[in-house]
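# Observations on chain architecture
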Amino acid sequence: MKQSSKNIAIIGSGLVGSLLSIYLKKMGHTITVFDRRPDIRNVEFSGRSINLAMSNRGWQSLREVGIEDEIKKIAIPLDKRAMHVIGKPMYFQKYGKDGEAIWSISRGVLNRKMIDLAEEAGVEFRFNEKVWNVDLPEATLFTGESEKGKWKEYNYDIIFGCDGAFSRVRHKMQRRSRFDYSQNFIDVGYKELSIPANEDGSHKLDKNSFHIWPRGNFMLIAMPNIDGSFTCTLFMPFEGEVSFESIKTKEQATTFFKTYFPNVRKEIENLTGDFFKNPTSAMVTIKCYPWTYWDKVALVGDSAHAIVPFYGQGMNAGFEDIFALKQIIEKHGDDWETIFETYQKERKPNADAIAELSYRNFVEMSSKTADAKFLLQKKIEKRFAELHPDKWIPAYSRVTFSNKPYAEALAMGDAQEEIMKEVMQMPHIESLWDSDEVEQKILSLL
């Protein structure tokens, strides 16, 4: 259904804001993007990034607007985890079927590219312009240098809040009656480290693997960049015996890496320098509802549903919001009130589901991936899925290598977990795991 051209403002020039601007511009709207920060293309990266894992949902959203091939040039496919467990040689865990992979991509590199592509499409960006207030019924926003200084007023037909977990647009919506909001910080923070490329520009570790050093309450991960380096992220409790708080000196940092990451400490560039130079960042899950106000304002991405990063789905979920919004727009044309109402009702259950799945995956990645019983369960599931691909799709594959709803992945994953609890109770399961008996047991429980 055809739409009349609207004058639309997007608050936030991050990944979701810049992709949404491309979508809406290609639909024929006039788009202005506001951001309180300077243009990311002109600044050094801040040392607080976790590399992104682009998966099916993200690629679908980029394909829909014709930029998938451009973005693949700056991404690296990862088809497996490389597990670095103390006392064992490194081993690999394949992610899915042959050919299935997540793609490592630098957040900063991707954001710069997306802004370039948006500008090429005709989007106007206004950097260093902070939005202080939004008049929701009028779709009017106010910007200025300070909260108490002089403000500029801009009038629009529609405003989209893509301004992240601590959204100014959502903050204004929270003051409305019957607006539900919750935020939940986990006790674990993260810090960015880096592994430089070899002198010839090649990678020091396997470049097609997502590297994990699971250590129970904490872990290190590493994802490759196209310049041969790896972006590493150390996830660790803020306080406690082994924590960010407990490492105060260079000597303590050196001892920490020698003790827990003996096979990688020589590879990490200026390890203790990175540790003390880069900030320790917090992780939060944010839930709210409604996501829209009349036919005037809508939240997209983290501003509506920030999640912890342990399923690699934060960006993918935000991009999928945009893909879903486009399908709804094509159905309802100029009826923006119905568009917004349908969008929030469709996306909210899926946002809640991926928030739950992301938190669970943190527990799995940090402790269970080194647990023998857990690994055996995964081997049984993998074998059964290969024998009966129509009957068993692992939860990870449903989330990462499919475009089916997140809510469906959560429900099916819970049902499968109940089945596997019974299977793992079978006598002598360690020796019987690949037998007909186990296969028949699962079939009988399905």
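Structure shown above.
Residues numbered from 1 in each chain as written. Predicted model: local features only at pLDDT ≥ 70, side-chain atom pairs only at ≥ 80, totals over all residues. Heavy atoms only, no water.

## Focus: the layout of surface pockets
- In this structure, the second largest pocket spans a volume of roughly 1300 Å³.
- In this structure, the second largest pocket is lined by 44 residues; those nearest its centre are Glu 364, Lys 378, Glu 381, Pro 394 and Tyr 396.
- Listing elements by their share of the lining of the second largest pocket, those giving two or more residues are strand S6 (91-94), helix H10 (336-366), helix H11 (372-387), helix H12 (395-400) and helix H13 (406-424).
- In terms of residues, the lining of the second largest pocket owes the most to one element, H11, which gives twelve residues.
- When its residues are assigned to classes, the lining of the second largest pocket shows 20 nonpolar, seven polar and 17 charged. (1 Å grid on protein atoms, 1.4 Å probe; cavity = no way out; pocket = protein on both sides within 12 Å on 5 of 7 lines; lining within 4 Å. Points joined across faces, edges and corners; volume = space filled by probe spheres on them. Helix = DSSP H or I, 4+ residues; strand = E, 2+ residues; numbered from the N terminus. Nonpolar A, V, L, I, M, F, W, Y, C, P; charged D, E, K, R; others polar.)

## Looking at the pairing of strand S7 (residues 102-105)
- Here S7 shows a buried face lined by Ile 102 and Ser 104 and a second buried face lined by Trp 103 and Ile 105.
- Strand direction decides the pairing type here: strand S3 (residues 52-54) and S7, joined by three bridges, are antiparallel. Bridge assignment links Met 54 to a residue of S7, and that residue is Trp 103.
- The sheet contact formed by strand S4 (residues 76-78) and S7 spans three bridges and is antiparallel. Among the inter-strand pairings, Ile 76 is bridged to a residue of S7, identified as Ser 104. (Buried < 20%, exposed > 50% of the residue type's maximum accessible area, 1.4 Å probe, protein only. Pairing = 2+ DSSP bridges.)

## Notes on the side chain of Ser 61
- Within the secondary structure, Ser 61 is located in helix H2 (residues 56-64).
- Setting aside chain neighbours within four positions, we find Ser 61 in contact with Leu 19, Tyr 23, Phe 319, Glu 320 and Phe 323. (Contact = heavy atoms within 4.5 Å.)

## Considerations on the pattern of salt bridges
- Summed over all chains, the structure comprises 30 salt bridges.
- Lys 73 is paired through a salt bridge with Glu 70; the nearest N and O atoms lie 2.9 Å apart.
- Two residues, Lys 348 and Asp 352, come together in a salt bridge whose shortest N-O distance is 3.1 Å. Of this pair, Lys 348 and Asp 352 both sit in helix H10, four residues apart, roughly one helical turn.
- Residue class for Lys 348 comes out buried when judged on its relative accessible area of 16%. (Salt bridge = Lys/Arg side-chain N within 4 Å of Asp/Glu carboxyl O.)

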